Amino acid sequence: MPTDVHQHLWPPSFVALLRARSAPPRLVGWSLELPGEPPYTVDPADHDVAARVRLARADGLDRALVSLSSPLGIEYLPPEEAAPPLAAFHDGALELPAPFGVWASVCLTAPAPDTGALRRALRRGCVGLQLPATALLDAAGWARCAPLLDVLAALDKPLFVHPGAAPPAEDAAPSWWPALVPYVQQMHASWFAFRAFGRPRHPELRVCFAALAGLAPLHGERLVARGGGRERGWVDPRAFYETSSYGTRAVDALVRAVGIDVVVSGSDRPYAAPHIPDLGAEAAVHALRTVNPARLLGPSKGVRP
């Protein structure tokens, strides 16, 4: 079942709620306003369901997993503001036709994580939980999110770590700055925090890092040199890396660091076009698009530490 684990598609009811907001995150017509980024002109075709179905079929996909884009910052709105767009996203996304599936999202500003909301989303058919990397940058973040991760582990569902909202950029920053600096830094930090704090607390959890975890695994030699533990010959079979926005050189380098069995295909469509890296063998592409996503999404039977 060829799978893209990382796409975004806004249901009409979700678009309507973004337009109804008086402050970012909001849509003004088709201009997206976010606190940390310049206005972004959204192409209406990017969120046309029939058009996206055709694109997925043209890409040869049997499954395309959509999620709430964490840079919007919906998860960090006050609970009373977050609830309507979260409900609209889940309701609309779960009604999308094949080949679409859905990652769940939850509000992160309540006094305690809403494990009930997560359980309900998973019971309705969400494949797992997406959390913004900004929620998982350190020990405190992994501890705060631990109840949500316990739910995932108990129900044998995966976690998808996605870049979160960017901090306000300087006026002189180019338009690509958030995607290349804050997003990559977030993924890099969340991966190291996972290694230090998340994995010891959640030894069975399957977790996937968007954008190759900001290439953090390539720093394994430095990690060893600086006393971070022995890396050679050890790969975490439950930690996966999604390929969006990267090409053959980056994917090949990551495969050399962690092996091909934990790299999965993702595009971040509509913000980036799908890219199938040239790894020299058809079996490698089959692993990235079919075998490895199946292992990520579960069930986990047969996965060994």
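Right above here is the structure, for reference.
Residues numbered from 1 in each chain as written. Predicted model: local features only at pLDDT ≥ 70, side-chain atom pairs only at ≥ 80, totals over all residues. Heavy atoms only, no water.

A. Examining the environment of Trp10 more closely. One can find Trp10 in the loop between strand E1 (3-7) and helix H1 (12-20). The exposure class of Trp10 is buried, given its relative accessible area of 2%. Between the C-alpha atoms of Trp10 and Arg295, which are 285 residues apart in sequence, the distance is 27 Å. (Helix = DSSP H or I, 4+ residues; strand = E, 2+ residues; numbered from the N terminus. Buried < 20%, exposed > 50% of the residue type's maximum accessible area, 1.4 Å probe, protein only.)

B. Up close: the packing of aromatic side chains. One pass over the full model with this rule turns up nine aromatic pairs. On the numbers, 5.2 Å between centres and 25 degrees between planes, the contact of Trp103 with Phe160 is stacked. Taken together, the residues Trp103 in strand E6 (residues 100-104) and Phe160 in strand E8 (residues 159-162) connect sequence positions 57 residues apart. Neither Trp103 nor Phe160 differs from the other in exposure class; each is buried. Cation over ring: Arg19 sits above Trp30, and NZ or CZ is 4.5 Å from the ring centre. (Phe/Tyr/Trp six-rings, centres within 6.5 Å; stacked < 30°, edge-to-face > 60°. Lys NZ or Arg CZ within 6 Å of the ring centre and 35° of its normal.)

C. A look at the environment of Tyr271. Inspection of the secondary structure assignment puts Tyr271 in the loop between strand E11 (263-264) and helix H11 (282-297). C-alpha of Tyr271 to C-alpha of Asp46: the two residues are 225 residues apart in sequence and 8.9 Å apart in space. When residues no more than four places from it in sequence are discounted, the contact partners of Tyr271 are His8, Trp10, Tyr40 and Ser69. (Contact = heavy atoms within 4.5 Å.)

D. Expanded view of the packing of helix H4 (residues 115-124) against helix H6 (residues 146-155). Contact pair H4 / H6: the axes reach a minimum separation of 9 Å and the direction vectors enclose 30 degrees. Taken as axis vectors, H4 and H6 run roughly parallel relative to one another. The two elements H4 and H6 cross, and the hand of that crossing is right-handed. For the pair H4 and H6, the contacting residues are Thr115, Leu118, Arg119 and Leu122 in the first and Pro147, Leu148, Val151, Leu152 and Leu155 in the second. Here the contact of H4 with H6 is composed, by residue class, of seven nonpolar, one polar and one charged. (Axes fitted to C-alpha atoms, helices over the stretch in contact; angles between N-to-C directions. Parallel < 35°, antiparallel > 145°, perpendicular 65-115°, else oblique. Left-handed = near helix turned anticlockwise from the far one by under 90°. Nonpolar A, V, L, I, M, F, W, Y, C, P; charged D, E, K, R; others polar.)

E. Highlighting helix H8 (residues 182-201). With 20 residues, H8 ought to run about 28 Å at 1.5 Å a step, and its terminal C-alpha atoms sit 26 Å apart, in line with that. Helix geometry: H8 is bent most strongly at Phe194, by close to 50 degrees. Taken together, the buried positions of H8 are occupied by Pro182, Tyr183, Gln186, Met187, Ser190, Trp191, Ala193, Phe194, Gly198 and Arg199. (Expected span 1.5 Å × (residues − 1). Bend = angle between axes of the 7 residues up to and from the residue.)

F. Highlighting the nonpolar core. Among the nonpolar cores identified, the biggest contains 80 residues, and Trp10, Phe14, Leu118, Leu131, Leu159, Phe209 and Tyr241 are the most heavily contacted of them. Setting aside anything within four residues of it in sequence, one finds Tyr241 in contact with Trp191, Cys208, Phe209, Leu212, Ala213, Pro217, Leu254, Val258, Val262, Val263 and Val264. (Core = buried A, V, L, I, M, F, W, Y, C linked by side-chain atoms within 4.5 Å.)

G. View of the pattern of salt bridges. For the structure on display, the rule yields nine salt bridges. For Arg206, the salt bridge identified is with Asp156, shortest N-O distance 2.6 Å. Here Asp156 lies in the loop between H6 and E8 and Arg206 lies in the loop between H8 and strand E9 (207-209), a separation of 50 residues in the sequence. Using a relative accessible area of 2% as the deciding quantity, one classes Arg206 as buried. Look at Asp156 and you get partly exposed, because its relative accessible area is 24%. Across the salt bridge formed by Arg238 and Glu204, the nearest N and O atoms sit 3.1 Å from each other. In this pair, Arg238 is assigned in the loop between helix H9 (220-225) and strand E10 (239-242) and Glu204 in the loop between H8 and E9, connecting sequence segments 34 residues apart. Given the relative accessible area of 5%, Arg238 is considered buried. On the basis of relative accessible area, Glu204 is assigned to the partly exposed category, the value being 49%. (Salt bridge = Lys/Arg side-chain N within 4 Å of Asp/Glu carboxyl O.)

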